[in-house]
Amino acid sequence: METLHLILLLRYIAALHMFAAGSSKECEAPSSPQCYRRNNESTVYDCEWSMKTTHRNVTFDLYFGDIKHEGIRETHAQINEEELIKYRRIDIWVEADKGDSVCKSTKTSVVLNETVKFEAPQDISVAWFQKQLNVTWKAAEKYPAFAEVWFRIDETKPWEKRLNTTEFSHSKMAYQLAVGNLQKNTSYQVKLRHRTKVTRNPLWSKWSPLVIVPAALEDKLEVNVTLEHLEGARKVTLMWKPVHHAAAVTGVTYILRDTQYSGGCPCKKKTTNLTNRTEYTGYISYSPVNFSVIATNKAGSSPTAIKHVPAEPAPNLKACNKTLLDEKLNKTNCLEWYRLQDGDLRLVARKTKRDMNAFRKGIMDYVGYIYFEHLCINERPKTVQMCLYYKKENVPKIAPQDFTFNETHSSITLSWNAIPTEDRRGVLTHYNVCSVQLSSDDEQKQCHHVPASVAVYRLENLMPVTKYNITVAGVTSAGEGPKATVTLNTQLINPITERLTFGLIVAFLFIFLLLVCKCMWKRMKKKILPPLPTLPILEFASQQTKNRDMLEEKEMVVTLQQLHPKDAVETTTQLNIDIERPRVSDRRRGNALSPSSIQQELRGSKEEEMPDQEEEQMLALLLYRNRLVFDMNTD
């Protein structure tokens, strides 16, 4: 019986242990709560804790000593300071109620007023300055804080840590921290947290989100400008090279600003943002314009690249109407006045009444102004008028500069630099180039008008080895200005050049006469010595005979005398030819050769072979007879 009671007791103890184990498994105690203010000026306390549970019906009771806040369904709560004991140490804990079990955290002894925990850093911005990285973020309170910064190049590199006190910017209401000894041409990954330096029990904030810091933009952009000239406008294209990869990891924005137009029309400034683009095309008027281009990323911007596009050149710019300043302003047009200064144009007034009134009061005598008038057509500017305006004109202030010359024996080439616009003091109409022959008794001055756009002139038909005085002066409507003067002697004729020229002339005449004589000789040769015609070849056919003895004949050469057909009858030729067995000749030749037969043969040949020969042409007849050749010539 005792044994049975002992067994039942052991089973009851084991059941109690199993129930205790099951209860502890179902209810795991939450972590100790943390209660703090977000800054030293806050009157609300935030309390938070953690618990590993998936039960939806869990409620929490938060204890501040004897003060209980119950029915909390989240792992955090906000409690006003009026409900709490702030200035003395108290115990705080939290109990989790699952319905069938209650779990309690450990107790923590704190003074609530001394505990401050900032929110995670927000609105973080970074900027490179020399070899340090300036980090700026929203301030949690109006006092400096303590910050911890972690940074690395990429995921393959370990984190590096920096602890330092921040600076508080009253103007920006932000914390600022400089992280030194970094490489500006490298991108970084950065995260940070901060805490207060005022209270006794500061808590670290949560980590900020990961910030990608691109490399610094140290170099100015190399901008190339190309212009295409249109009627009344210019098409401008700006191109530049992209920044290096480390500076573009977070993207690059190129900011383009100009001083002339907006929305395609003049007289307004415009700013254009180009994201990851390195080319821009637009339209500008004939007036000058300045373009500024910078590259920006999250860590800063590049130095400003400025490109100046001068005004459209107008060498023959006409003078403005003197009543131009008194005309009423047209609201649809854009008017611009530029002052000529240091070889460039400086904007002094635009369309507004305020600018024009100030311009009328400040306009100066003897100073040049260029007037532009633009229209806006299809969102594009178009210049419709350009002119040069002087309130009052005077003669040029200075003479043409850098007056040089190059002389020969009969001419002088002059060149000079144009008078600067600010020294003209009026609309330059032309230059006066005058020359005087000093070695002559009658020193007559010869002057020539050279257009104002030309700075080179050539004096010709001068006397060799002669002294001349030459002057050049600018001329406006007020008269002629100071003169640039030079005295020089023309050169002596070069004897080598003179002889060479004479030799070339003689050689040319000799070749010409030779060609004329050759042509005349050819014409005379036809009359005196006409050319020989193509010699006819008379056919001779031999007659075969049965008897070979008939082929043998006796021949002997006797005196051969040249006979002319006209004298053939009167002249006799003694031919002693022993022809005992005459051969059979062709159909044209008889049994014997006589002058009459020769003449008849010549006439036949003339009619048959050369019927169209001119008169007085020499004929030739070659006859073959018993190895004898007779040459008969006739006129």
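Engineer: I'd love a proper account of the pattern of salt bridges, names of residues and values included.
Structural biologist: The final tally for this structure, using the stated rule, is 13 salt bridges. Two residues, Arg200 and Glu114, come together in a salt bridge whose shortest N-O distance is 3.7 Å. Taken together, the residues Arg200 in the loop between β16 (188-196) and β17 (201-203) and Glu114 in the loop between β8 (108-110) and β9 (115-117) connect sequence positions 86 residues apart. Taking relative accessible area as the criterion, Glu114 reaches 22% and is therefore assigned partly exposed. For Arg193, the salt bridge goes to Glu148, with nearest N and O atoms at 2.8 Å.

Engineer: Just give me the short version of the state of the cysteines, but keep the residues and values in it.
Structural biologist: Summed over the entire model, instances satisfying the criterion amount to three disulfides. One disulfide bridge connects Cys35 with Cys47, the sulfur atoms lying 2.0 Å from each other. Classification of the bridge connecting Cys35 and Cys47 rests on its S-S torsion, roughly 120°, and on that basis the disulfide is right-handed. Remark: Cys47 occurs in strand β2 (residues 44-48) and Cys35 occurs in strand β1 (residues 34-36); sequence separation between them is 12 residues. Of the two residues, Cys35 and Cys47, both sit in the buried class. Note on cysteine connectivity: Cys320 is disulfide-linked to Cys387, with sulfurs 1.8 Å apart. Given an S-S torsion of about 100°, the disulfide between Cys320 and Cys387 has right-handed geometry. Residue Cys320 is found in the loop between β28 (305-309) and β29 (334-341), and its partner Cys387 is found in strand β32 (residues 380-389); the two are separated by 67 residues along the sequence. Like Cys320, the residue Cys387 is buried in the burial classification. With no disulfide of its own, Cys517 lies 9.3 Å from the sulfur of Cys519, the closest cysteine sulfur.

The rules behind these values
In this convention, every chain numbers its residues from 1, walking through the sequence in written order. Side-chain atom pairs in this predicted model are given and counted only at pLDDT of 80 or more, local residue features only at pLDDT of at least 70, and totals for whole chains, interfaces and linings cover all residues. Heavy atoms from the whole structure form the basis of all side-chain values; hydrogens and water molecules are not counted. Salt bridges, as used here, are contacts in which a Lys or Arg side-chain nitrogen is within 4 Å of a carboxyl oxygen on Asp or Glu. In this text, helices come from DSSP runs of H or I with a minimum length of four residues, and strands from runs of E with a minimum of two, each type numbered from the N-terminal end. Type-normalised accessible area, obtained with a 1.4 Å probe on protein chains alone, sets the label of each residue: buried when under 20%, exposed when over 50%, and partly exposed for intermediate values. When two cysteine sulfur atoms are found within 2.5 Å, that pair is recorded as a disulfide.

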